[in-house]
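Next come the chains, spelled out residue by residue.
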Amino acid sequence: MQYQIIKKKSYQSNTWAHGETTQLMIFPHEGDYKSRNFLWRVSSATVTNEQSDFTVLFGIKRWIMPFDHQLQLEHQQNGKPLYSITLNPYESHCFKGDWETHSKGMARDFNLMLNEDAYGILNAVKVFENGKALGVLFPEAFDERLPLAEHQLTLGIYSREGNVSLQISDAVNILLPCEDLLLLHYTLEEVDEIKKYIISHNGLNSSYVVIFAVTY
């Protein structure tokens, strides 16, 4: 297993029609969001208007999760209503990027974007000071039915509510500062090992931590 910590100071921020978006990670590293040339991308954005329309992204699957306020999404395709959903803070939702999506509510959110050659899942888990194993907190990331064979796997961990620790072994403990992004890159043979890693929150009784898994 290899890991890397993407520091907050290295994130790239830009404005969009209804707020600001900050790119935490794009893969491959030479990928480009504007040309949609990427396998997967992680970002955080602010929605500063009470109502807004999302950018249409053809061929992209999207996951979204608000952090601080409710966010209501109304999906349409070719002008025909599909459905609407209201997300509470730290609830995740997956939808097609080529849908016409209208949002209501002002919030900061977390986004995972995947092209057709990648598969991913996004969730938030409650983490306590004494910690729990990743396989217990986020079993969906290790489901054997997922298309893992002959793929590269990455697990991402992100916290807006304080520092996080990840205990890999008795001798190795990774400290993840608040708002930095931890990426674990591993092989199929290492899945059972990764499940046992203990994640804990430092300094708070409990807090939400964002976790996502991507295969590509």
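Note that the structure is a prediction, hence the values are computed from the model and not measured.

1. A short note on the overall build of the chain
In terms of regular secondary structure, the chain is built from two helices and 19 strands. Here the C-alpha atoms of the chain give a radius of gyration of 17 Å, agreeing with the 17 Å that 2.2 N^0.38 yields for 216 residues. Scored against the burial criterion, the 216 residues of the chain give a buried share of 48%. Intrachain contacts of the chain at a sequence separation of at least 6 include 71% that bridge at least 24 residues. Within the chain, the 26 negative side-chain charges are centred at a point lying 4 Å from the centre of the 18 positive side-chain charges.

2. Focus: unusual backbone geometry
Excluding glycine, residues mostly have negative phi values, and the peptide bonds linking residues are mostly trans. That bond from F27 to P28 is cis: its omega, 0°, falls within 30 degrees of zero. Within the element layout of this structure, P28 appears in the loop between β3 (19-27) and β4 (40-47). In the Ramachandran plot, R36 falls in the positive-phi region, its phi being about 60° despite a non-glycine side chain. Topologically, R36 is positioned in the loop between β3 and β4. For R36, a relative accessible area of 30% corresponds to the partly exposed category. Located in the positive-phi region is E179, a residue other than glycine, with phi close to 75°. Tracing the backbone shows E179 in the loop between β16 (173-176) and β17 (181-186).

3. Things to note about the environment of I198
For I198, the location among the structural elements is in strand β18 (residues 198-201). Classification of I198 as partly exposed rests on a relative accessible area of 28%. Contacts of I198, omitting those with residues within four sequence positions, involve N130, G131, K132, A133, S165, L166 and Q167.

Definitions and cut-offs
- Residues numbered from 1 in each chain as written.
- Predicted model: local features only at pLDDT ≥ 70, side-chain atom pairs only at ≥ 80, totals over all residues.
- Heavy atoms only, no water.
- Helix = DSSP H or I, 4+ residues; strand = E, 2+ residues; numbered from the N terminus.
- Rg over C-alpha atoms; globule rule 2.2 N^0.38 Å.
- Buried < 20%, exposed > 50% of the residue type's maximum accessible area, 1.4 Å probe, protein only.
- Contact = heavy atoms within 4.5 Å.
- Lys, Arg positive; Asp, Glu negative; His and termini not counted.
- Charge placed at Lys NZ, Arg CZ, Asp CG, Glu CD.

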